[in-house]
Amino acid sequence: MAKSFMPTIKTEEELRDLQVKGLRWTINHVYQGSDFYRKSFDQAGVKPDDIRSLDDIKRLPFTAAKDLQEGYPFPLRAVPFKDIVRIHASSGTTGKRKVLCYTQKDIDDWGDFFARCYEMASLTKEDRVQIAVGYGVWTAGVGFQLGCERFGAMAIPAGPGNIDMQCMFLVDFQSTVLCCTASMGLLMAEEVEKRNIRDKINLKKVIFGSERSSEAMRGRIKELLGVEHTFDIPGMTELYGPGTGLDCIYHEGIHYWADYYILEILDPDTLKEVKDGEIGEMVITTLRKEGSPLIRYRTRDLTRIMPDRCSCGSILPMHDALLGRSDDMFIIRGVNIYPGQIDTIVSQTQGAGSEYQITLDRKEDGKDYMSVKVERAKAEDPSRDEGLKKKIEIEIKKQILVSGAVTIVDYGDLPRSERKSKRVFDNRD
Ligand code: ZN
């Protein structure tokens, strides 16, 4: 039987023990090896010996993106340079890039848990994996490649773009798995249709990295390429790179590797833990990372824990898809709201387009009101606007517990931008 990359632990209790062990190791490691963390712990009045249980994590100070930027070029480094075998950096302007150091063990760990992604996606060594993401100082291509070789499938390091070449590889090499961003996946799917080569290719699965894919997008890609599954792989440079989780073939949530890092979901305002199933900011503490460990690193990404065990039976817990950035959060009538929640509702409503705009006003009665403009889908009949409006209003009330007055506008009425569109207009004082 092929080597498995799944955790050897069998129960949640064993997982917690492993986390406590990893946490204590990490705290001691950074206290000895990193000036930054020692100073930060001293300022917070915490000593490594104070951390004995998972609950004690709450006593540790937070780390943020600005700590990485201020520590440029080698922030959070916790080992001597002789032990560092590689660095990676996020994209960004010089001095603002986040640079992370890797020891050989970090690279090995990364390869192992990325191989787990392929295993969880039910690949075999017979699979041929066309890796159409960026190779370079960032982590994408290198990560997908490392995991693929560790897993034992055949890697085709195609890199991004170059649609002609991608299509040729799909036909000539009979790639069974395509790894790319969701937008590239859609582009490829449409290209395969346009060139009428679907019968000549052998794709079974598409794995998306680095970009959130919408339900509609996934459906379209599956249909055009004739693949069985699409998967989402989350990942950020700070936490090794891509490969830190995957939705399994049941697609009930994204399993994350709780034997490599602890995931806290905190209210971004109060920094207190939210209840299981509630949305909050992902805060990460690594359990084995040597080069640049993370202690309560605030990712600014929003998601929630899926409270139920997955149908696949894995003890690896799950979080939901990423729902946006905590910087975009607003509060209305005491409820935290993230634009991503409205996004989800709009994109799940048939007849609605993908564009929307949220306006917040304080009226004479002193209360806050939310109104939402939603574009009608391109081919949708305007006579159905009233029904569409009602449907979205009901879902908002049901899912977010706040009322929002919905107005349906014509397709193309709301402004587009190549960068992130501004979606929330807050007119309150
Ligand atoms: Zn599962």
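Cut-off values and rules
Residues numbered from 1 in each chain as written. Predicted model: local features only at pLDDT ≥ 70, side-chain atom pairs only at ≥ 80, totals over all residues. Heavy atoms only, no water. Helix = DSSP H or I, 4+ residues; strand = E, 2+ residues; numbered from the N terminus. Buried < 20%, exposed > 50% of the residue type's maximum accessible area, 1.4 Å probe, protein only. Contact = heavy atoms within 4.5 Å. Areas by Shrake-Rupley, 256 points an atom, 1.4 Å probe, with all protein chains shown as cover. Lys, Arg positive; Asp, Glu negative; His and termini not counted. Charge placed at Lys NZ, Arg CZ, Asp CG, Glu CD. Pairing = 2+ DSSP bridges. Axes fitted to C-alpha atoms, helices over the stretch in contact; angles between N-to-C directions. Patch = residues over 30% accessible without salt bridge, like charges linked within 9 Å, V, L, I, M, F, W, Y side chains within 5 Å. Salt bridge = Lys/Arg side-chain N within 4 Å of Asp/Glu carboxyl O. Parallel < 35°, antiparallel > 145°, perpendicular 65-115°, else oblique. Domains from an automatic or database assignment. Buried area = accessible area lost by both parts, 1.4 Å probe. Polar contact = N/O pair within 3.5 Å; in protein donor to acceptor, adjacent residues only side chain to side chain.

(A) Expanded view of the overall build of the chain. Looking only at helices and strands, one finds ten helices and 22 strands in the chain. Buried residues in the chain amount to 52% of all 429 residues. For the chain, the share of sequence-separated contacts (at least 6 apart) that also reach a separation of at least 24 residues comes to 65%. Entry remark: accessible area of the chain is about 20500 Å², with carbon and sulfur atoms responsible for 49%. Across the chain, the centroid of the 62 positively charged side chains sits 2 Å from that of the 67 negatively charged ones.

(B) Region of interest: the environment of Q357. In this fold, Q357 is placed in strand 19 (residues 352-362). When its relative accessible area of 13% is taken as the criterion, Q357 is described as buried. Along the backbone, Q357 and P415 are 58 residues apart, and their C-alpha atoms lie at a distance of 9.5 Å. Sequence-distant contacts of Q357, defined by excluding residues within four places in its chain, comprise S371, V372, K373, L414, P415, K422, R423 and F425.

(C) Representation of the sheet that holds strand 5 (residues 177-180) within the structure. Read across the open sheet, the five strands follow the order 4-3-5-6-7; overall the sheet is parallel. The two strands at the open ends of the sheet, each matched to only one other strand, are strand 4 (154-156) and strand 7 (229-233). Taking each pair of neighbouring strands and ignoring which way they run, the sheet shows an average axis angle of 20°. This element, helix 7 (residues 182-194), spans strand 5 and strand 6 (205-209) of the sheet and lies at about 130° to strand 5. In the packing of helix 8 (residues 215-225) onto the sheet, the strands contacted are strand 6 and strand 7, and the crossing angle to strand 6 comes to about 145°.

(D) The sheet that holds strand 15 (residues 305-306), seen in detail. With antiparallel pairing, four strands are arranged side by side in an open sheet as 10-11-16-15. Looking along the sheet, the strands with just one partner apiece sit at the ends: strand 10 (245-246) and strand 15. Bridge analysis of strand 11 (residues 254-256) against strand 16 (residues 318-319) gives two bridges, and the strand direction is antiparallel. Note that in strand 16 the partner of H255 across the bridge is M318.

(E) Up close: a nonpolar patch on the surface. Taken together, F74, F81 and I87 make up a surface patch of nonpolar side chains, about 260 Å² in accessible area. In this structure, F81 sits in the loop between helix 3 (65-70) and strand 1 (84-89). Overall, the relative accessible area of 43% leaves F81 in the partly exposed class.

(F) The arrangement of the packing of helix 1 (residues 12-33) against helix 2 (residues 35-44) in detail. Their axes nearest at 6 Å, the elements helix 1 and helix 2 cross at an angle of 105°. By the criterion of interaxial angle, the relationship of helix 1 to helix 2 is roughly perpendicular. For the pair helix 1 and helix 2, contact is made by I27, V30, Y31, Q32 and G33 and by D35, Y37, R38, F41 and D42, respectively.

(G) Summary view of the domain arrangement of the chain. What the domain assignment lists for the chain is domain 1 (1-327) and domain 2 (329-426). Each of domain 1 and domain 2 has a C-alpha centre, and the two are 31 Å apart. In this complex, domain 1 contributes eleven residues to the contact, which on the side of domain 2 involves eight residues. Carbon and sulfur atoms make up 51% of the surface buried where domain 1 meets domain 2, a total of about 800 Å² over both sides. Taken together, domain 1 and domain 2 are joined by two residue pairs in polar contact (both at pLDDT 80 or more).

(H) Inspection of the pattern of salt bridges at higher detail. Here the structure, examined in full by the defined rule, presents 34 salt bridges. With a closest N to O distance of 3.1 Å, R325 and D301 form a salt bridge. Of this pair, R325 sits in the loop between strand 16 and strand 17 (330-332) while D301 is found in strand 14 (residues 297-303), placing the two residues 24 residues apart along the sequence. Exposure remark for R325: the relative accessible area of 34% places this residue in the partly exposed category. Overall, the relative accessible area of 15% leaves D301 in the buried class. With a closest N to O distance of 3.1 Å, E380 and R384 form a salt bridge. Salt bridges sharing partners connect three or more residues here, namely D164, E191, K194 and R195.

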